Structure formats: structure tokens, C-alpha cells
Amino acid sequence: MWDSLWVDVGLATMAGSTPYGRIEDGAIAVKNGRIAWVGARADLTGPIEGLASIVHQADGGWITPALIDCHTHIVHGGQRAGEFERRLMGASYADIARAGGGILSTVNATRRASEEELLAAATRRLRPLLAEGVTAIEIKSGYGLDLDTELKMLRVARAIEARLPVAVTTTFLGAHAVPPEWMNDADGYVDFVCDEVLPGAVEQGLVDQVDAFCEGIAFSPAQVARVFEAAALFKLPVKLHAEQLSDLGGAALAAAAGALSADHLEYLGPDGIEAMAESGTVAVLLPGAFFTLQETRRPPVARLRKAGVPIAVATDSNPGSSPVTSLLVTMNMACVLFGLTPAEALAGTTLNAARALGLQNDRGSLEVGKVADFVHWAIEEPAELAYRIGFNPCTTVIRNGVPTLAG
Ligand code: DI6
Ligand code: FE
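All figures in this text were calculated on a predicted structure; none of them were measured in a lab. (Residues numbered from 1 in each chain as written. Chains lettered and ligands numbered in written order. Predicted model: local features only at pLDDT ≥ 70, side-chain atom pairs only at ≥ 80, totals over all residues. Heavy atoms only, no water.)

Student: Help me out: how do you make sense of the overall build of the protein in this one?
Tutor: A tally of helices and strands in the protein yields 15 helices and 16 strands. Against the globule reference of 22 Å for 407 residues, the protein gives a C-alpha radius of gyration of 21 Å, in line with a compact fold. Dimensions of the protein along its principal axes, counting C-alpha atoms only, are 75 × 45 × 45 Å. Within the protein, buried positions represent 58% of all 407 residues. In the protein, 70% of the contacts between residues at least 6 apart in sequence involve partners at least 24 apart. By element, 52% of the accessible surface of the protein is carried by carbon and sulfur atoms, the whole surface being about 15,600 Å². Across the protein, the mean location of the 31 positive side-chain charges is 2 Å away from that of the 47 negative side-chain charges. (Helix = DSSP H or I, 4+ residues; strand = E, 2+ residues; numbered from the N terminus. Rg over C-alpha atoms; globule rule 2.2 N^0.38 Å. Buried < 20%, exposed > 50% of the residue type's maximum accessible area, 1.4 Å probe, protein only. Contact = heavy atoms within 4.5 Å. Areas by Shrake-Rupley, 256 points an atom, 1.4 Å probe, with all protein chains shown as cover. Lys, Arg positive; Asp, Glu negative; His and termini not counted. Charge placed at Lys NZ, Arg CZ, Asp CG, Glu CD.)

Encoded structure:
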């Protein structure tokens, strides 16, 4: 006897080799918070009332795996609307960063903010994501750039998991920018990150994975390699902000380190693609940053596809380059701006987002044994999720098999 069963619904399982893994008239059952059965309703045997304690007649619509936002900087102090205005007047993102604004302006605001203030502000930004059926999210540090503030950000990320119905993967991003105290000694700062900040955060159980920003305005491949070595000492998985504004070979470096993902990738070249395909590194596309910065160079989607590199899609939610708090809008951008199909966009926020976080055994598809996190949508076709802009058709978020929100 199952705990619950959903019928009279389409299933986009995101499993198997067909787009969406569609089952038109499906059924999905839950036992002890995990998916216990999934398939065509016609394959259920016996009267359905006898199969589960609770039977939900969905009355049409579609169930998909719960969404996963696999790249965010959602914990931060302040806002950067002033920079938005300056960019509209012609200043570039890199100009603003070099003039001491950009990431460093958020560092100042984040250092000043209390833990309670950071938690309250992040919670307000998370609400719209949760209402869209996000039940797992990655949250990076990287706006502290000193020991106390990096730990503070990561504690807030952990507190989010305790307070809100969402699983949080924390990512240490101490190598996000060179802070003012180390302005003339980037190598010294990297040593400090590797020798003091990362070990301190790991000791407190605050780090699930390690990231860095490989870019002319941030850290060189040689510096990133040192951060990856430090992560390896703690057996932590790595990922990288790579090839966002130029091609420094970051993706190949990440792939060689066995990275879970390389993210952004507008300037990714053939060598990087090949290396990622070989290592199984996920390409995380962040169209919100491309849109916000009015970039023109697109990530090489056709070549990634051809090489068989798994493609994920995330908000990159941050106060500078991607002030985005909708994964559905981000899926639309991935289609319109980058040429993904709606099925690829949904795989990018479910199955491949799970892979980018190393969570694919538990999340990302409707398959027996995985965590029973899924979403019911009032839609006629799964492609509707990527097609509308600013409309949220989510009716119910099911978390650990329990309906948690009826919108
Ligand atoms: N790339 C990004 O898109 C974010 N960080 C990064 O390395 C932007 C962070 C910011 O502008 O605050
Ligand atoms: Fe980012």
C-alpha cells in the first residue's frame, strides 16, 4: 500500500531518451517520501482506491520533477540599481568592476548586514522561486571575501534550508573577486582563501562544493588551480565560473579537475567543449546574466549538444549581472536567447541541474527511488513552462511526497 498516488495527469518524467520522457495518462505513487511507482495509469492493476492511503485526482495538467536552481548568489546585502542605471548610460560591467563597484560594492553591503538581515532579504527573493516549484537550490558565498563574512553567508544559506521548504547546496566562492585589503596581492589573497577561509568554513560543516571566478577581472587559471587543489584536500567537488567575458581556458581546467559543472560559457571554445564532454562536466547556462549585460556572444549550444555535454539552466540570481528570481523566465530566455528547445530548458532545470550539483541519484527526474519532489502545473503541454513570460501555472508543490503549497 502506497502513502499517496496521483492520477489523471500527464507526466514529464525527464527520464529515458524521448523529449520530456512523456507519459500522457500517467500515475505516480509515493512511499516514505520517495517515488515508489511511476508509469502509465493503464499499467496499474486493480481498483486505484485500494492502492494508496490518499488518491489525488489531478484533473488534467502535468506533473514534472520539482525545479532545481543550480547556480545562485541569492544571499547578499544591498542592491545595485545604480549600476543598472550606469550601464544603461553606456558603462560596461567590467568598467564598473574595475572602478571598485560591481562585486565589491555588494561585498561592502554584505559585510555590513547582520545574519538576520541577510536571511530576511534572501527569503524575500526565494519566495517567487519556491512558488515556481523550486525545491532544491545552490547558494554561493563570495560577497564576504574575509573569514567572518564568508562564514556568515554560508550560515545564512544553511539557515534557509532549516527555515524554508527547500534543500540547499552550499558553495564556497572565496575566489570571487580580490577584496580591497588584498588589492595589490591577488596571489596572497588566494593563499589566504586556501589556507584559512576554506578550511575554517569546512571545519564548521558549511561547504558542499567549491567554485571560483576565472576571468580577467577576477582570477587567473593558475590561481583557480590552487583553489581546486585546496578543495581536493577536503575531497570537495568543484565547479567554475568560466568563459563568461573571455576565453581563458577555464572550462578545460575545470574538466581536468573533474568539475561537476562549468558555468556561463559564452566564450567557450572547441577544446573546452571536448574536455567537458570527456569528463562529464555539466554546462550551466545563465541567460539572465547574458540578458542583463546585453551580451551578444552566445554559448556554443549546438556544439555542446553535438558533443553530448549535459546542459543545465540556472538564474545566477545576484544583485549585479542577473537580478533574476524566476526560473521559468530563465527557461524562456534559454530558449529565446540561446536556442534551447523547451524540453532542453526543462531538462536544464531538473535532471541536468541535479547533475550539476551531484544530486542526480536523488533528484531531477520522476524515477522510482528518487525523492518525491514534484510539481503539478495547470498546463496542456510541457512546453508551456518555457513559453509564457511572467506567468506561473504551478498549482501544487509536492515535497517528500507531501503537497506543500496550493497556489
Ligand atoms: N559571475 C556572475 O555572473 C556573478 N559572479 C560572477 O562571477 C556576478 C556577481 C555580481 O556581479 O555581483
Ligand atoms: Fe554566478
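Student: Which parts of the structure should I look at to understand the environment of Glu295?
Tutor: With respect to the secondary-structure elements, Glu295 resides in the loop between helix H10 (287-292) and helix H11 (301-307). Judged by its relative accessible area of 22%, Glu295 falls in the partly exposed class. Non-local contacts of Glu295, meaning those with residues more than four positions away in its chain, are made with Leu245, Tyr267 and Phe290.

Student: Before we go on, may I ask you to explain unusual backbone geometry in this structure?
Tutor: For residues other than glycine, phi is negative in most cases, and the peptide bonds are mostly trans. Positive phi, close to 60°, is recorded for Asp59, a residue that is not glycine. Position of Asp59 among the secondary structure elements: in the loop between strand E4 (52-57) and strand E5 (62-65). Owing to a relative accessible area of 68%, Asp59 belongs among the exposed residues under this scheme. Look at Asn400: it is not a glycine, yet its phi comes out positive at around 50°. Position of Asn400 relative to the elements: it lies in the loop between strand E15 (394-399) and strand E16 (402-406). Among the residues examined, Asn400 registers a relative accessible area of 39% and is labelled partly exposed.

Student: Is there a simple way to explain the site of ligand 1 in this structure?
Tutor: Within the structure, ligand 1 sits among 14 residues, and Arg80, Tyr93, Tyr143, His176 and Asp316 are positioned closest to it. Within the side chain of Arg80, a nitrogen or oxygen atom sits 2.8 Å from an oxygen atom of ligand 1. At 2.8 Å from a nitrogen atom of ligand 1 is found a side-chain nitrogen or oxygen belonging to His176. Burial of ligand 1 by the protein chains amounts to 100% of its free accessible area of 320 Å². Residue classes in the shell around ligand 1 are distributed as four nonpolar, eight polar and two charged. (Near = heavy atom within 4 Å. Polar contact = N/O pair within 3.5 Å; in protein donor to acceptor, adjacent residues only side chain to side chain. Nonpolar A, V, L, I, M, F, W, Y, C, P; charged D, E, K, R; others polar.)

Student: Please explain the packing of helix H6 (residues 186-203) against helix H7 (residues 221-233) as it appears in this structure.
Tutor: Pairs of packed helices are described in terms of their axes, by the angle between the two and the distance that separates them. Between H6 and H7, the least distance of the axes is 10 Å, while the angle of their chain directions is 10°. Judged by the angle between their axes, H6 and H7 are roughly parallel. Facing H6, whose interface residues are Ala186, Asp187, Val190, Asp191, Cys194 and Leu198, H7 presents Gln223, Arg226, Val227, Ala230 and Ala231. (Axes fitted to C-alpha atoms, helices over the stretch in contact; angles between N-to-C directions. Parallel < 35°, antiparallel > 145°, perpendicular 65-115°, else oblique.)

Student: Would you mind going over the nonpolar core with me for this structure?
Tutor: One recurring pattern in soluble globular proteins: nonpolar side chains tend to sit buried together. Core analysis: the largest hydrophobic core is formed by 100 residues, its most contacted members being Val75, Ile160, Phe172, Val210 and Met276. No fewer than three residues from each of domain 1 (2-66 + 365-405) and domain 2 (67-356) sit in this core. Apart from residues no more than four positions distant in its own chain, Ile160 is found in contact with Val75, Leu119, Ala122, Leu126, Ile139, Val166 and Val168. (Core = buried A, V, L, I, M, F, W, Y, C linked by side-chain atoms within 4.5 Å. Domains from an automatic or database assignment.)

Student: Please clarify how helix H12 (residues 327-338) should be interpreted in this entry.
Tutor: Residues spaced three or four apart along an α-helix point in a common direction, a consequence of the helix completing one turn every 3.6 residues. Within H12, ten of the twelve residues are buried, which leaves it mostly tucked inside the rest of the structure. Buried within H12 we find Leu327, Leu328, Thr330, Met331, Asn332, Met333, Ala334, Cys335, Leu337 and Phe338. N-cap assignment for H12: the residue whose side-chain oxygen lies 3.4 Å from the backbone N of Leu328 is Ser326. Of the residues one or two after H12, Gly339 is the one with positive phi, at around 85°.

Student: Where do I start with the coordination of the iron ion (ligand 2) in this structure?
Tutor: Octahedral metal centres with six donors ideally show angles of 90 or 180 degrees, and tetrahedral centres with four donors ideally show 109.5 degrees. For the iron ion (ligand 2), every protein donor is listed as His71 (NE2), His73 (NE2), His241 (NE2) and Asp316 (OD), and the spread of their distances is 2.1 to 2.3 Å. Geometry at the iron ion (ligand 2) is irregular, judged from its four donor atoms and the angles of 82 to 167° they form at the metal. Going along the chain, you hit the donors of the iron ion (ligand 2) in the pattern H-x1-H-x167-H-x74-D. Of the two residues, His71 is situated in the loop between strand E6 (67-69) and helix H1 (81-88) and His241 in strand E10 (residues 239-242); the sequence distance between them amounts to 170 residues. One exposure class covers both His71 and His241, and it is buried. (Donors = N, O, S within 2.8 Å, 3.2 Å for Na, K, Ca; no water. Tetrahedral: all angles 85-135°; square planar, octahedral: opposite > 155°, others 65-115°.)

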